[in-house]
Amino acid sequence: MDVARLSVRLLSGLAVNWDEEREIIDGADIATWRAEAAENSSDKLLPLYEEALATEQDEQQRRTLQDGRDWVAAGNAVDPRDASMCSYDAVRAELPTLLGLLDDQNPRVRTRTAYLLTWFPALADSLLPLLLGRAAHEDDAVAKATMLVAVGILGTTHLPETVIAELDAEDTLIRWAAAIAIVQTARSAAAELDGPLLDQAVAVLAAAAPAPVPATDYSLGDFHSHTADVLLALPPSPASRAAVAACLPSVRTSERAFST
């Protein structure tokens, strides 16, 4: 495996957990993640350890508490979410140096970089034009599809004509990605989309079977599960429900509980 590609994949694993990757359609809910981390942060836990040490009589328990207290006092995370937010922030700090990988000669490096950027909604204002610009000139179907899906997840409210035009692309995966971006955008209350365009996108998703190979890495690579989850997030309609029904037979068995 290419070193750069491996490095970007590892950074994705540091930024987010695998269960969050499975639920990518909702994007990265950073505010909730930070609130969860704050519940058991080192600052909150330290006085609790010290209070317990002040009253504990058992020597073995005191040693255990002292070890925990020293670990927390050194600024180390105890709660998994607290730890994961530390690594998330570390990856975010390196993003400016990683953006150049969107122009890497290896299409898989470009793909994984676009996928990584999907997880940083706070930077959407700068990332969206960058991804749209790269997607307009991308000649690799998987890389281009990944960029288009990222645009939808990051939350644009007005899709440019270049994305809408991809609904008629020759490549099935690119048509699918454009449709996903449109459906994702339609979920925003501020989105500027007309009904016929959304209907066209839903029709494209309903027809996207079997899954193209290769597909994107979203939803842990389960193409049909990702499609179904995005459609289920729309207000119910006969067309969207029919499209979901078309997807479900192809959803991996282990993922069906999350798509129904």
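Report follows, based on the coordinates. What you see is a predicted model, and the numbers here were worked out from it, not measured in a lab.

**Some remarks on the nonpolar core**
Within soluble globular proteins, side chains that are nonpolar generally end up buried alongside one another.
Here comes step 1: Counting 70 residues, the largest nonpolar core has W33, L116, F120, L131 and W176 as the members making the most contacts within it.
Here comes step 2: It is helix 11 (residues 172-186) that provides the largest number of residues to this core, a total of 10 residues.
Here comes step 3: Residue contacts for W33: discarding those within four places in its chain leaves V16, E20, A28, R81, M85, Y88 and W119.
Here comes step 4: Core analysis: the next-biggest nonpolar cluster, separate from the first, contains 5 residues, Y49, L53, L65 and V72 among them.

**Concerning the side chain of T227**
Here comes step 1: Tracing the chain through its elements places T227 in helix 13 (residues 223-232).
Here comes step 2: Residue T227 is classed as buried on the basis of its relative accessible area of 0%.
Here comes step 3: In contact with T227, not counting residues within four places along its chain, are W176, I180, L205 and C247.

**A look at the packing of helix 9 (residues 141-154) against helix 11**
Here comes step 1: At a minimum axis distance of 7 Å, the contact between helix 9 and helix 11 shows a crossing angle of 5 degrees. The orientation of helix 9 relative to helix 11 falls into the category roughly parallel. In this structure, helix 9 contributes A141, V142, K144, A145, L148, V149, G152 and I153 to the contact, and helix 11 contributes L173, I174, W176, A177, A178, I180, A181, Q184 and T185.
Here comes step 2: For the contact of helix 9 with helix 11, the residue count by class is 13 nonpolar, 3 polar and 1 charged.

**Side note on the pattern of salt bridges**
Here comes step 1: Counted according to the given criterion, the structure contains 9 salt bridges.
Here comes step 2: Of the charged contacts, one joins D70 and R69 as a salt bridge, the two residues approaching to 3.5 Å between their closest N and O atoms.
Here comes step 3: Under the relative-accessibility criterion, D70 is labelled partly exposed at 37%.
Here comes step 4: Assessed through its relative accessible area of 24%, R69 is described here as partly exposed.

The rules we used
- Residues numbered from 1 in each chain as written.
- Predicted model: local features only at pLDDT ≥ 70, side-chain atom pairs only at ≥ 80, totals over all residues.
- Heavy atoms only, no water.
- Core = buried A, V, L, I, M, F, W, Y, C linked by side-chain atoms within 4.5 Å.
- Buried < 20%, exposed > 50% of the residue type's maximum accessible area, 1.4 Å probe, protein only.
- Helix = DSSP H or I, 4+ residues; strand = E, 2+ residues; numbered from the N terminus.
- Contact = heavy atoms within 4.5 Å.
- Axes fitted to C-alpha atoms, helices over the stretch in contact; angles between N-to-C directions.
- Parallel < 35°, antiparallel > 145°, perpendicular 65-115°, else oblique.
- Nonpolar A, V, L, I, M, F, W, Y, C, P; charged D, E, K, R; others polar.
- Salt bridge = Lys/Arg side-chain N within 4 Å of Asp/Glu carboxyl O.

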